[in-house]
Amino acid sequence: MSTIRYQSVRLRNITLCHEPIGCHYRGERSLDSDCPICCIMSSKVLVIGVGFDANEEAEHNVLLPKSNVLKEAKQTLQEISSRYGNVNSVVCTAGGWAGGSIRDASSLANLSDMTAKNLESAFLATYLASHLLVPGGLLVLTGATAALKATPGMVSYGASKVATHHLVASAVTELPESASVLGVLPTTIDTPMNRQFMADADYSSWTKVEDIAQKIYEWSIASHAARPPSGHLVTCVTENNTTDWTDVGNPFL
């Protein structure tokens, strides 16, 4: 009999960033409580949070409807555009995780949940980026290193993440001139929620939220030529508290 593990963590949110205007730094939050990019970028750029709840780290917030989020995407776009105009970066950190194999009925039950949290959020972010990014802007979606190969022990999660990798490749030709889309592929992120569920794990192999946020910020201020090629996936693997970033291309390009 297979062992079923299920955990679902909703991560906030989609973040839109304007050019530097000297906003105040407001402290740090973990990836499973607020958008990590806000921690690094809020002191350097105007941060606009897009999610179901207000993000305390963001200078401004646009709240999504509690239902029919994708059907209301055009209205969300119009609200953002009318209030803020174009943006320099769009970063999607919304998502969740669920374990279980295809033999487990729970994997069928949580497939829609993984699709909504991991894939629909990425679709919404990409839709907004295709209309709101300035030329040379940046879109970042969150994939998963595990989804570069089969994920029999977390099949619904893996399926939603590999679909996100496909979306990264598909967005390349749909963004404004010289804009980039990149996929960040973590392994295990060091968050309070993960520590709670994996208290005996080796934390030295977990990637810190701040490291991910810093890398995204570096990409956001770099030129198109200085970033990894648009459409590529970049893994972040941590060993002995040192994180290596590797451009692994994208099998869908």
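These remarks concern the structure in this document. (Residues numbered from 1 in each chain as written. Predicted model: local features only at pLDDT ≥ 70, side-chain atom pairs only at ≥ 80, totals over all residues. Heavy atoms only, no water.)

## Concerning the packing of helix α2 (residues 73-84) against helix α4 (residues 111-132)
To characterise two packed helices, one gives the angle between the axes of the helices and the distance between these axes.
Step number 1: At a minimum axis separation of 10 Å, α2 and α4 run at an interaxial angle of 45 degrees. Overall, the two elements α2 and α4 adopt an arrangement that is oblique. Here the hand of the crossing between α2 and α4 comes out right-handed. The residues of α4 that touch α2, namely those facing A73, K74, T76, L77, I80 and S81, are L124, Y127, L128, H131 and L132.
Step number 2: For the contact of α2 with α4, the per-class residue count stands at seven nonpolar, three polar and one charged. (Axes fitted to C-alpha atoms, helices over the stretch in contact; angles between N-to-C directions. Helix = DSSP H or I, 4+ residues; strand = E, 2+ residues; numbered from the N terminus. Parallel < 35°, antiparallel > 145°, perpendicular 65-115°, else oblique. Left-handed = near helix turned anticlockwise from the far one by under 90°. Contact = heavy atoms within 4.5 Å. Nonpolar A, V, L, I, M, F, W, Y, C, P; charged D, E, K, R; others polar.)

## Side note on unusual backbone geometry
Step number 1: Here N240, not a glycine, exhibits a phi torsion of approximately 50 degrees, which is positive.
Step number 2: The residue N240 is located in the loop between β9 (233-239) and β10 (242-247) in this model.
Step number 3: Since its relative accessible area comes to 65%, N240 is described here as exposed.
Step number 4: Although it is not a glycine, N241 sits at a positive phi angle of roughly 65 degrees.
Step number 5: With respect to the helices, strands and loops of the structure, N241 is situated in the loop between β9 and β10. (Buried < 20%, exposed > 50% of the residue type's maximum accessible area, 1.4 Å probe, protein only.)

## Things to note about the nonpolar core
Step number 1: Grouped together as the largest cluster of nonpolar side chains are 30 residues, with contacts concentrated most on I80, V90, L133, L139, L141 and L175.
Step number 2: Mapped by element, the contributors of at least two residues to this core are β2 (47-51), α2, β4 (87-92), α4, β5 (133-142), α5 (155-170) and β6 (180-186).
Step number 3: Listed in part, the twelve residues of the second largest apolar core include V91, V184, I216 and C236. (Core = buried A, V, L, I, M, F, W, Y, C linked by side-chain atoms within 4.5 Å.)

## Some remarks on the packing of α4 against α5
Step number 1: α5 packs onto α4 with a crossing angle of 15 degrees between their chain directions and a minimal axis gap of 8 Å. When the axis of α4 is compared with that of α5, the two are roughly parallel. The handedness of the crossing between α4 and α5 comes out as right-handed. Along its contact with α4, which presents L111, M114, T115, N118, L119, A122, F123 and T126, the element α5 presents S156, Y157, S160, K161, A163, T164 and L167.
Step number 2: Taken together, the residues of the contact of α4 with α5 break down into eight nonpolar, six polar and one charged.

## Overview of the environment of R103
Step number 1: Tracing the backbone through its elements, the reader meets R103 in the loop between β4 and α3 (105-109).
Step number 2: Under the relative-accessibility criterion, R103 is labelled exposed at 75%.

## Looking at α2
Step number 1: Taking 1.5 Å of rise per residue, twelve residues should cover 16 Å, and α2 covers 16 Å from first to last C-alpha, within 8% of that figure.
Step number 2: Taken together, the buried positions of α2 are A73, T76, L77, I80 and Y84. Buried residues along α2 cover an arc of 100 degrees about the axis, so they all sit on one side. Those residues of α2 that are exposed and angled more than 90 degrees off the buried face are K74 and S82.
Step number 3: After α2 finishes, the residue G85 shows a positive phi value of roughly 75 degrees. (Expected span 1.5 Å × (residues − 1). Arc of directions from axis to C-beta.)

## Notes on the packing of aromatic side chains
Step number 1: Under the definition given, this model contains two aromatic pairs.
Step number 2: Between the aromatic rings of W219 and W245, the centroid separation amounts to 6.1 Å while the plane-to-plane angle is 80 degrees, which identifies the pairing as edge-to-face. Note that W219 is positioned in helix α7 (residues 209-221) and W245 in strand β10, a separation of 26 residues in sequence.
Step number 3: The ring of Y203 has R195 lying over it, and the distance from NZ or CZ to the ring centre is 3.8 Å. (Phe/Tyr/Trp six-rings, centres within 6.5 Å; stacked < 30°, edge-to-face > 60°. Lys NZ or Arg CZ within 6 Å of the ring centre and 35° of its normal.)

## Details of α4
Along an α-helix, residues three or four apart share an orientation, since each turn contains 3.6 residues.
Step number 1: Between its first and last C-alpha, α4 extends 30 Å over 22 residues, near the 32 Å set by a 1.5 Å rise per residue.
Step number 2: The largest bend in α4 amounts to roughly 30 degrees and is located at L119.
Step number 3: Taken together, the buried positions of α4 are M114, K117, N118, L119, S121, A122, L124, A125, T126, L128, A129 and L132. (Bend = angle between axes of the 7 residues up to and from the residue.)

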